[in-house]
Amino acid sequence: MTGTTFARRFAGRASVLAGGIALSALMAGTALADPAIIYDLGGKFDKSFNEAGFNGATQWAKETGGHFQDLELQNDAQREQALRRFAASDFSPIVLPGFNWASALAKISGEFPGTDFVIIDDDSVNSPNVKTITFKAEDGSYLAGVLAALKSTTGKVGFVGGMDIPLIHDFFCGYKQGVMATNPDAEVFENYIGTTPAAWNDPVAAGELTKADFDRGADIVYAAAGGSGLGVLQAAKDAGKLGIGVDSNQNYLQPGSVLTSVLKRVDVAVYDAFKNADKFQGGHEVLGLAEDGVGLAMDDNNKPLITDAMTKAIDDAKAKIVAGDIKVHKYSSDSSCP
């Protein structure tokens, strides 16, 4: 594994960050050209957003034989120190999955103008050595809404978001628009786990919100909640209902109980950042359906749940969104959802 290889290379040299994170071999002044990724809260193996980033980095390492360093945070307070230590250790580019990195990045990118940074899910940091990547999550979620409306037998579906923030409202709003465009008489229940980063890692709370939606008559619940979303998928399986995963392909987690997963290709963003390190350009990149940056996961795990008519409806909706014939409203553009 790349982190292990790196640690062996500098065995015995450990730097300890506040809060107890040990970073093997991060010695300021050591000239390295390796890229790095520092995951957001929720953990490297959250089977969702962070893990998609890890998968992209791992794919790059396997294909190129290169090495990368990575780190899992334990709490929010560690962001600035972790990022500064990585930058001082000459890793580049440093990829930061998650909008919560914006504040630390805005400060530290100016301190290290020779280091390239990539932040995913935020476009607020404007610096020549920073590339920002965002996704049209509302478009992928719209397709999930179309599918949910066609699959639901009750006409009631739910949504469980992680943090109650505009980014996650984009997921809900796209989903709701897809549902209502397909079944104008449908009901869409909206829930959020919390207002702090802890909301990304609370599957118990997510499961309880899912059960409450089922009690109200929903038979499908879409999770956009990072690691917390595992609680949604488990609750759906336990109730004999259906869940919808997010970010990574989560169909395999509960085969037969996951209708689909709304893909946000964080893996592609990380892979491309590492692969194109020598051609780095700052600026803002938006990935949508046309760029295969978002979409729905279809595989053998959910194939029995999807009819030909559903597939056609999804394909038609996708083509119309790409062509501009369907315009999916983005909640974060004006804090409203039609």
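See the structure above.
Sequence positions are assigned chain by chain, starting from 1 and proceeding in written order. Only residues with pLDDT of at least 70 get local features here, since the model is predicted, and only at 80 or more are side-chain atom pairs given and counted; chain-wide, interface and lining totals rely on the full set of residues. Note that the side-chain values use all heavy atoms of the structure and ignore hydrogens as well as water.

### Re the sheet that holds strand 3 (residues 36-39)
This is how it is decided: Any two strands with at least two DSSP bridges between them are considered paired. Counting from the N terminus, the helices are the DSSP runs of H or I reaching at least four residues and the strands are the DSSP runs of E reaching at least two. All axes here are fitted lines through C-alpha atoms, helices being fitted over the stretch that makes contact, and every angle between N-to-C directions spans 0 to 180 degrees. Whether two residues are in contact is decided by their heavy atoms: any pair within 4.5 Å suffices.
Judged by pairing direction, the sheet is parallel, and its six strands sit side by side in the order 4-3-5-6-7-13 without closing on themselves. The open sheet has two free edges, formed respectively by strand 4 (69-72) and strand 13 (283-287), since each of these has just one partner strand. With direction set aside, neighbouring strand axes in the sheet form an average angle of 15°. Relative to strand 4, strand 3 is paired through four bridges, and the arrangement is parallel. When the bridges of strand 4 are listed, Y39 appears paired with E72. Strand contacts of helix 2 (residues 49-64): strand 3, strand 4, strand 5 (94-97) and strand 6 (117-120), with the helix running at about 170° to strand 3, the strand carrying the most contacts. Docked against the sheet, helix 4 (residues 102-111) engages strand 5, strand 6 and strand 7 (130-135), running at close to 165° with respect to strand 6.

### A closer look at the layout of surface pockets
The condition that has to hold: Using protein atoms alone on a 1 Å grid, points that fit a 1.4 Å probe yet trap it form a cavity, whereas open point sets bounded by protein on both sides within 12 Å along at least five of seven lines form a pocket; residues with an atom within 4 Å of a point count as lining. Grid points are joined across faces, edges and corners, and a volume is the space filled by probe spheres set on the points. Residue type decides the class: Asp, Glu, Lys and Arg count as charged, Ala, Val, Leu, Ile, Met, Phe, Trp, Tyr, Cys and Pro as nonpolar, and the leftover types, Gly among them, as polar.
Space inside the largest pocket adds up to approximately 310 Å³. If you go around the largest pocket, you meet 21 residues; those closest to its centre are K131, D272, A273, N276 and E285. Put simply, the parts of the chain that give the lining of the largest pocket at least two residues each are strand 7, helix 9 (266-275) and strand 13. For the lining of the largest pocket, the class distribution of residues is eight nonpolar, six polar and seven charged.

### Thoughts on the packing of helix 2 against helix 9
So the rule is basically this: For classification, angles of less than 35 degrees are called roughly parallel, those exceeding 145 degrees roughly antiparallel, those between 65 and 115 degrees roughly perpendicular, and all remaining angles oblique. With the far helix as reference, a near helix turned anticlockwise by less than a right angle produces a left-handed crossing, and one turned clockwise produces a right-handed crossing.
At their nearest, the axes of helix 2 and helix 9 sit 7 Å apart, and the two run at 40° to each other. It follows that helix 2 is oblique to helix 9 by the angle criterion. Crossing geometry of helix 2 relative to helix 9 is assigned as right-handed. On helix 9, the residues touching F49, A52, G53, G56, A57, Q59, W60 and E63 of helix 2 are V266, D267, V270, Y271, F274 and K275. When the residues that make up the contact of helix 2 with helix 9 are grouped by side-chain class, the tally is eight nonpolar, three polar and three charged.

### Details of the nonpolar core
Generally speaking, soluble globular proteins have nonpolar side chains that are buried together. Just so we agree on the cut-off: Within this scheme, the nonpolar core is defined by two criteria: the residues are buried Ala, Val, Leu, Ile, Met, Phe, Trp, Tyr or Cys, and they are joined through side-chain atoms within 4.5 Å. Relative accessibility under 20% of the residue-type maximum defines a buried residue, over 50% an exposed one, and the middle range a partly exposed one, all with a 1.4 Å probe and only protein chains included.
F68, I120, F159, I168, Y175 and I244 are the most contacted members of the largest nonpolar core, which totals 75 residues. Apart from residues no more than four positions distant in its own chain, Y175 is found in contact with S141, Y142, A144, G145, A148, V157, G158, F159, V188, I220, Y222 and I244. Ranked by size, the runner-up nonpolar core spans 22 residues in total, among them L41, L83, I108 and V130.

### Details of the state of the cysteines
Threshold: Two cysteine sulfur atoms make up a disulfide if the distance between them is within 2.5 Å.
Under the counting rule described, the total for this entry stands at one disulfide. Disulfide pairing is shown between C173 and C337; the S-S distance is 2.3 Å. Disulfide C173-C337: the torsion about the S-S bond is 105°, which places it as right-handed. Within this pair, whereas C173 is found in helix 6 (residues 166-182), its partner C337 is found in the segment after helix 11 (331-334), the two being separated by 164 residues in sequence. When its relative accessible area of 0% is taken as the criterion, C173 is described as buried.

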